[in-house]
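Letter by letter, the chains look like this.
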Amino acid sequence: MKFRRREKVAIYITREQPEGWELLVFHPQSAPDSDWQIPAGTIEDAEIAKEAAVRETLEESGLSLATVQYVGEEEMRYPERMRVHYTYFYHAHIECQENRWTHCVAGDGQDCGDFFHFAWLPLERITQLERRHHIFLDRLIHRLERTHHYDCRKHG
């Protein structure tokens, strides 16, 4: 039996607040009791992973990202579905966005038309993030600790 391979992307989007770093997360309206998720999706034909990360973010959240940075990649096997997902993780830092919003998912994926409810959570309080989205969270936190970004407190 051969596993069917799917290439995917997942995007950690952060902002810095006076209290510390926050991660953009959402709950789908169709699954309000699910764990928090980050924007993610399948890479389309003739698309590179970095482009897919930017597209998926726009489709799922309405946010346009200027740049994304590679964080890591992970292979996940789903034997019950005879699939293997190869996921490329990216990071984008954005400045001073709304605290909460709802976005109707665009594109032609299975989530199209669903509403995603977005919020910012402090990184140190994230405990209910979808299991596959935790993979590079420690690496991301380490990266943020070494990096200085634009400070929203100084520029209202």
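Located above this text is the structure these notes cover.
Residues numbered from 1 in each chain as written. Predicted model: local features only at pLDDT ≥ 70, side-chain atom pairs only at ≥ 80, totals over all residues. Heavy atoms only, no water.

Points about the nonpolar core
Step number 1: Residues V9, I13, L24, L65, Y88 and Y90 are the most contacted members of the largest nonpolar core, which totals 22 residues.
Step number 2: Going through the elements one at a time, β1 (4-17), β2 (20-28), α1 (49-61), β5 (83-93) and β7 (115-122) are the ones with two or more residues in this core.
Step number 3: Here this core takes four residues from β5, the largest share from any one element.
Step number 4: Leaving out residues up to four positions away in the same chain, V9 has contacts with P39, A40, G41, I43, A49, A52, A53, E56, T87, Y88 and Y90.
Step number 5: With 19 residues, the next largest nonpolar core counts V25, A40, L137 and L140 among its residues. (Core = buried A, V, L, I, M, F, W, Y, C linked by side-chain atoms within 4.5 Å. Buried < 20%, exposed > 50% of the residue type's maximum accessible area, 1.4 Å probe, protein only. Helix = DSSP H or I, 4+ residues; strand = E, 2+ residues; numbered from the N terminus. Contact = heavy atoms within 4.5 Å.)

As for the environment of R6
Step number 1: Its place among the elements puts R6 in strand β1.
Step number 2: Considering only alpha carbons, one finds R6 and E44, 38 residues apart in sequence, at a separation of 9.8 Å.
Step number 3: Setting aside its immediate chain neighbours within four residues, R6 contacts R83, V84, H85 and Y86.

A few points about the environment of A119
Step number 1: Mapping A119 onto the fold places it in strand β7.
Step number 2: The exposure class of A119 is buried, given its relative accessible area of 0%.
Step number 3: Spatially, the C-alpha atom of A119 lies 22 Å from that of E145, the residues being 26 residues apart in sequence.
Step number 4: In contact with A119, other than residues within four places in its own chain, are L23, L24, V25, W36, N99 and R100.

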